[in-house]
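# Breakdown of the fold
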Amino acid sequence: MDDETFLLLLLSDSNLPTGSFVASSGFESYIKHGFGGDQNNRTIMFMRDSINAYARSALAFVSDTHRIVQDVHRDVEQGSEQKSDFDKYLQKIKEVDDLYDAMTLNDVTKRASKSQGVALLTLYSKGLTPPLAFTGVKNRKEIEIEVNSYMASLVAQYKSLVRAESAPGHLPICWGILTGALGLTLGESHLRSQYLHIFLHARSLLSASVRLNEIDLRTGIPSSTGTESDQPDGVDDKSRGPANTWPLGEILAARHDLQHSRIFNS
Amino acid sequence: MPGSSTSISKIQAGGGRITLSSHGGKAWISEFSATYPLKLLSPRLSDNTVAIVYVLTYGGGLVGGDCIELTVNVESDTKLLLLSQGSTKVFKDRPQQRLASVQRSDYASRSTPGQAPATLQIMNFTVSSQAALFLLPDPVTCFRSASYSQIQTFRASKDATLVILDWITSGRKSLGEDWVLSRYYSVNEVLIAGKRVAKDVMLLENNEFNSDSRLNRSLAEKLSPFACYATVILRGPLVEETIAQLTTRYGGISIMQRKAPEDLLWSLSSIGSDKENGVVVRVAGKETEMVKDWLKNTLRSLEQHIGVDVYRRAFV
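Rules used throughout
Residues numbered from 1 in each chain as written. Chains lettered and ligands numbered in written order. Predicted model: local features only at pLDDT ≥ 70, side-chain atom pairs only at ≥ 80, totals over all residues. Heavy atoms only, no water. Helix = DSSP H or I, 4+ residues; strand = E, 2+ residues; numbered from the N terminus. Buried < 20%, exposed > 50% of the residue type's maximum accessible area, 1.4 Å probe, protein only. Contact = heavy atoms within 4.5 Å. Areas by Shrake-Rupley, 256 points an atom, 1.4 Å probe, with all protein chains shown as cover. Pairing = 2+ DSSP bridges. Axes fitted to C-alpha atoms, helices over the stretch in contact; angles between N-to-C directions. Polar contact = N/O pair within 3.5 Å; in protein donor to acceptor, adjacent residues only side chain to side chain. Buried area = accessible area lost by both parts, 1.4 Å probe. Salt bridge = Lys/Arg side-chain N within 4 Å of Asp/Glu carboxyl O. Phe/Tyr/Trp six-rings, centres within 6.5 Å; stacked < 30°, edge-to-face > 60°.

### Some words on the overall build of chain A
- A count of helical and extended segments in chain A gives 9 helices and 0 strands.
- Of all 266 residues assigned to chain A, the portion counted as buried reaches 56%.
- Restricting to contacts in chain A with at least 6 residues of sequence separation, those with at least 24 account for 85%.
- Counting every atom, chain A has about 12000 Å² of accessible surface; 52% of that belongs to carbon and sulfur.

Right, here's the structure in full:
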């Protein structure tokens, strides 16, 4: 199995410690506020509206960040002058991050986004970089080692910015950093990164649905959620731009904390 | 001596400029111009620290291809209340161009052949130190198949006050219109001391060409049961009290499992992580009147800053 495939399998693992376990993306609030009609259709209805809305608001940020980190890859591989200018890259990523923060005017969503974002950066540092002392693999090219160590530094530095509250560290941006740093390069890699991100979001929604007793795994999930074909074709066209397309979802997600009792964090 | 140092700018169709300046403790409108189809009205008020401007369109609505571009300067120590007279109605299109029109702007001439041109409204606001802008128009109503874009940019000083209301209703109830517009795109971007703190982008689209209902539910389905959605951005010294009241109210709400949605829902979120950047309030109501009453009551503490008589003109 090639590295790329292994990486994709790893990233789509439901045990990936991203902290999404405590996030229902507004689903719990949606149900508590009396939306969605009867239980049979609620999950699908919410998933369709939520996934479409999330894709439209977040995916452009995933790909923009992924591309910035890909540029770092290229600069390091080509040994260009630019590569020693860490700050420039960090600044570019921070700009994308700040824009997402300015466009996501929802305390609950931002909270969930930041905690999952930093979890991804931590995951990269602690679980997906080769240990410094590891010189093992004989035919690993020197340039690969250099790229990896560069990426590790870049991610560590960005994480410091986040910890110091100089950068927000939002989920779509951190996902873009992660997939860019891991060098997902197969085909239109930024699209692949987007696809995986939405896949994980969808799965997290299904997981939340199960824990809210909305769907019973013994009798099976309805045969078509329509989510497989929910993949937007690369929402990265600047003129169409990120936007909030589901104001009802926004309000319900923001009201999450108003629930008298709740099992999810967001 | 005019407060603004710019010479009279060339105005294109639908263009307009308003500048409110302060002189000897009084506010006076030093720049006031509009070209068809935009129309501006400013009634004389007894309180001369505040000015009101009504922003209107000839015919009471906008049609495809109309492009309104308004530039507003609220200079130091002045307060400006911008209102409309009735909901901004957006029609799908019109067979011919408006006949009485000065040079059309680049935008309007650029429309795609064969496609009904969209309607565009651009507003640029500058709000200086110790100044206040209260943008409290009636809601936008996009009729069947209408396509409307609105881009509002606010550049404010650190101690400026902003109250920005942006709301939309579902259509003409009498004709059974329930979110049957084609496209509604609204951007509200706020920069404080040159730094962008908020950019609220709302896009509502009915994708008539995408017949796969699995992918995209219709707007009516997604937005049901509410017929009116509002967004309010509040920041600055004059709304500190309003924000505090809202925060207390919000914190007191406790939701138990409901069988069906309430008639009106609202949410409160902060802008950025800095307290002084203000809040965003979102409201959804089954009827526009409900949302209007809610807004009117919630913003009532503005009366102490602009006076009861002036406030009464909003949310009529």
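### Considering the sheet that holds strand S9 (residues 119-127) of chain B
Residues and elements named next belong to chain B.
- Read across the open sheet, the 7 strands follow the order S2-S1-S6-S9-S12-S14-S15; overall the sheet is mixed. Taken across any chain shown, the strands that pair with only one partner, and hence form the sheet edges, are strand S2 (26-34) and strand S15 (195-205). This sheet shows a mean twist of 10 degrees between the axes of neighbouring strands, independent of strand direction.
- Here 8 bridges tie strand S1 (residues 15-23) to S2, and the two strands are oriented antiparallel to one another. By the bridge assignment for S2, Ser21 is matched with Trp28.

### Side note on the environment of Thr78(B)
- Here Thr78(B) shows up in the loop between strand S6 (67-74) and strand S7 (79-83).
- Within the local environment of Thr78(B), its side chain forms a polar contact with the backbone oxygen of Glu75(B), the two atoms lying 2.5 Å apart.

### A look at the interface of chain A and chain B
- Each side of the interface is counted separately: chain A has 37 residues, and chain B has 44 residues.
- Between chain A and chain B, a total of about 3700 Å² is buried, with carbon and sulfur atoms accounting for 53% of that surface.
- Linking chain A with chain B are 2 salt bridges.
- Two residues, Arg255(A) and Glu262(B), come together in a salt bridge whose shortest N-O distance is 3.7 Å.

### Quick look at the packing of aromatic side chains
- This structure, assessed with the given rule, holds 19 aromatic pairs over all chains.
- Ring centres of Phe27(A) and Tyr30(A) lie 6.2 Å apart, and the angle between their planes is 35 degrees; this geometry places the pair in the tilted category. Here the residue Phe27(A) and the residue Tyr30(A) both occupy positions in helix H2 (residues 27-32), the gap between them amounting to 3 residues, near one helical turn.
- By relative accessible area, which is 1% here, Phe27(A) ends up buried.
- Take Tyr30(A): its relative accessible area is 3%, and that puts it in the buried class.
- Ring geometry for Trp167(B) against Phe315(B): centres 6.4 Å apart, planes inclined by 65 degrees, an arrangement best described as edge-to-face. A residue pair is termed long-range when its members are at least 10 positions apart, and Trp167(B) in strand S13 (residues 161-169) and Phe315(B) in the segment after helix H6 (308-312) qualify at 148 residues. The exposure classification of Trp167(B) matches that of Phe315(B), with both residues buried.
- Through a chain of ring-to-ring contacts, three or more aromatic side chains come together here, namely Phe27(A), Tyr30(A), Phe35(A), Phe46(A), Trp246(A), Trp179(B), Phe226(B) and Tyr229(B).

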